[in-house]
Amino acid sequence: MDFLRRLFGGKDNSSSSAQEAKKRLQIVLINDRTDISPQLLENLRAEMIAVLTKYMDIDEPRIEMDRGHDESAVALIANIPVLRIKRGAGGTLEDRFEDNPDDRSEGKFSPRGEPPRNQNIKSRRRK
Amino acid sequence: MGARVIVITSGKGGVGKTTSTANIAVSLAKAGKRVVAVDTDIGLRNLDMVMGLESRVVYNFIDVIEKNCKLNQALVRDKRVENLYLLPAAQTRTKDAVSPTQMSELCDQLRPDFDFVLLDCPAGIEGGFKNAAAGADEALVVTTPEVPAVRDADRIIGMLESMGKSPIRLVINRFRAMMVQNNEMLSQEDILDVLSIKLIGIVPEDDSVIKATNRGEPLTFTQNSPAALAYANIAARILGENVPLLQLDSYHSKGFVASLKKMLGF
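Because the structure is predicted, anything quoted here is derived from the model rather than measured.

Student: Which residues make up the interface of chain B and chain A, and what values do they have?
Tutor: Listed per partner, the contact involves 18 residues of chain B and 14 residues of chain A. For the pair chain B and chain A, the two sides together bury roughly 1,600 Å², of which 52% comes from carbon and sulfur. There are four salt bridges connecting chain B and chain A. Among the ionic pairs, Asp32 of chain A bridges to Arg151 of chain B, the shortest N-O distance being 2.7 Å. Counting across the interface, chain B meets chain A through seven residue pairs in polar contact (both at pLDDT 80 or more). Among the elements of the structure, helix 7 (147-162) and helix 9 (188-195) of chain B are those that each provide at least two residues to the side of chain B that touches chain A. At nine residues, the largest contribution of residues to the side of chain B that touches chain A is made by helix 7 of chain B. Its residues placed into classes, the side of chain B that touches chain A shows eight nonpolar, three polar and seven charged.

Student: Give me the pattern of salt bridges: which residues, what numbers.
Tutor: Using the criterion set out here, one finds 17 salt bridges over all chains in the structure. Put simply, Asp190 of chain B and Lys22 of chain A hold a salt bridge, and the shortest N to O gap is 3.6 Å. Taken together, the residues span two chains, with Asp190 of chain B in helix 9 and Lys22 of chain A in helix 2 (residues 17-33). According to the relative accessible area criterion, Asp190 of chain B is buried, its value standing at 15%. For Asp57 of chain A, the salt bridge goes to Arg84 of chain A, with nearest N and O atoms at 2.7 Å. Of the two residues, Asp57 of chain A is situated in strand 1 (residues 56-58) and Arg84 of chain A in strand 4 (residues 82-85); the sequence distance between them amounts to 27 residues. The network of salt bridges with common partners includes Lys22 of chain A together with Asp190 and Asp193 of chain B.

Student: Mind laying out the packing of aromatic side chains, listing which residues take part and the relevant values?
Tutor: Residue and element names in this part refer to chain B. Scanning all chains against the criterion turns up one aromatic pair over all chains. Consider the rings of Tyr85 and Phe114, whose centres lie 5.7 Å apart with planes at 75°: the pair is edge-to-face. Here Phe114 lies in the loop between helix 5 (100-110) and strand 5 (116-120) and Tyr85 lies in strand 4 (residues 84-87), a separation of 29 residues in the sequence.

Student: Break down the packing of helix 5 of chain B against helix 6 (residues 127-134) of chain B for me, citing the residues and quoting the values.
Tutor: Residue and element names in this part refer to chain B. One can describe the packing of helix 5 onto helix 6 by two numbers: an axis separation of 7 Å at closest approach and a directional angle of 35°. Pair helix 5 / helix 6 crosses with right-handed handedness. Residues Pro100, Met103 and Ser104 of helix 5 form the contact with helix 6, whose own contacting residues are Lys130, Asn131 and Ala134. Class assignment for the residues of the contact of helix 5 with helix 6 results in three nonpolar, two polar and one charged.

Calculation rules
- Residues numbered from 1 in each chain as written.
- Chains lettered and ligands numbered in written order.
- Predicted model: local features only at pLDDT ≥ 70, side-chain atom pairs only at ≥ 80, totals over all residues.
- Heavy atoms only, no water.
- Contact = heavy atoms within 4.5 Å.
- Buried area = accessible area lost by both parts, 1.4 Å probe.
- Salt bridge = Lys/Arg side-chain N within 4 Å of Asp/Glu carboxyl O.
- Polar contact = N/O pair within 3.5 Å; in protein donor to acceptor, adjacent residues only side chain to side chain.
- Helix = DSSP H or I, 4+ residues; strand = E, 2+ residues; numbered from the N terminus.
- Nonpolar A, V, L, I, M, F, W, Y, C, P; charged D, E, K, R; others polar.
- Buried < 20%, exposed > 50% of the residue type's maximum accessible area, 1.4 Å probe, protein only.
- Phe/Tyr/Trp six-rings, centres within 6.5 Å; stacked < 30°, edge-to-face > 60°.
- Axes fitted to C-alpha atoms, helices over the stretch in contact; angles between N-to-C directions.
- Left-handed = near helix turned anticlockwise from the far one by under 90°.

In short, the description is geometric, and any link to function would need to be established separately.
See below:
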């Protein structure tokens, strides 16, 4: 078939090898450029747990956190088993601060009433 | 005024770093600039062969660093053009014979006497690359339109960016316009899209590159083959001239461009 196609000058139906090369490069570079260190992942995990436990009881030892990807993006996949939602955990942070500003000083939302620090999570380059 | 120090690098081996270094160095020298090409590939030196100066190498840059000789004793002057010098690498030493700091100091030692210091970098991302990149202000990253070369180029670009080199510009080497037209080779757009970096020139695949290396006479001395023209254009762009790129899609049109296409052998 290939021979006939070439003989009659027909175009190959499958995507060109150049397109394929580009696609493969784009996928591999997404991975190459994602430089999440184990330390960063560990810090992220600790802070996430701190946030989540304000709202719900979670099964900490069973938390799974890993990097994954599909064809176009890198994903951080966290599997967090929830044991129980805490009573009165509904509403946004702002709503609750308005109701009772003292919540903040009581350390309900962040330890020692400090605003949470910005976590600097960045992939190595661009994008 | 001190020299601009430019590292020519790629990550992957065999994509044309040394050939690019030699030809850009010759082009810059022909444009009247004082140029030194430094072979930083300790143990695997080749720039001397590509430039045809191998028989005149006496000392190397490690001798300079270790103060076995003076800087100007190690510099090999290219007699074919004014103001072009080669600073060879040591052939019987290893990459760990020098440190990035020592390489930086060597570059600083060269700055006052030249307009351009071109550093021909070894393949890889280890010590040899780090040494070569340490002293550089700017970088040229050489790639070919092939998947492994582009991937490695991306890695190197990331490292150069984190080292604060600027500008970092891309040379696409061994480009085959015919194959690109048939969608069987990554186009310049594809490569730039993937790497998001500025392009400084496209060098077409050209048999005369091999012939030139056989003779040890960089193409740009004669300057009539397609690759020689491309390298001369790159040198002009380094000097800030606005030389238009040879656009692939222009090969479809007639007239001047068509004759250029014919001249380039596509």
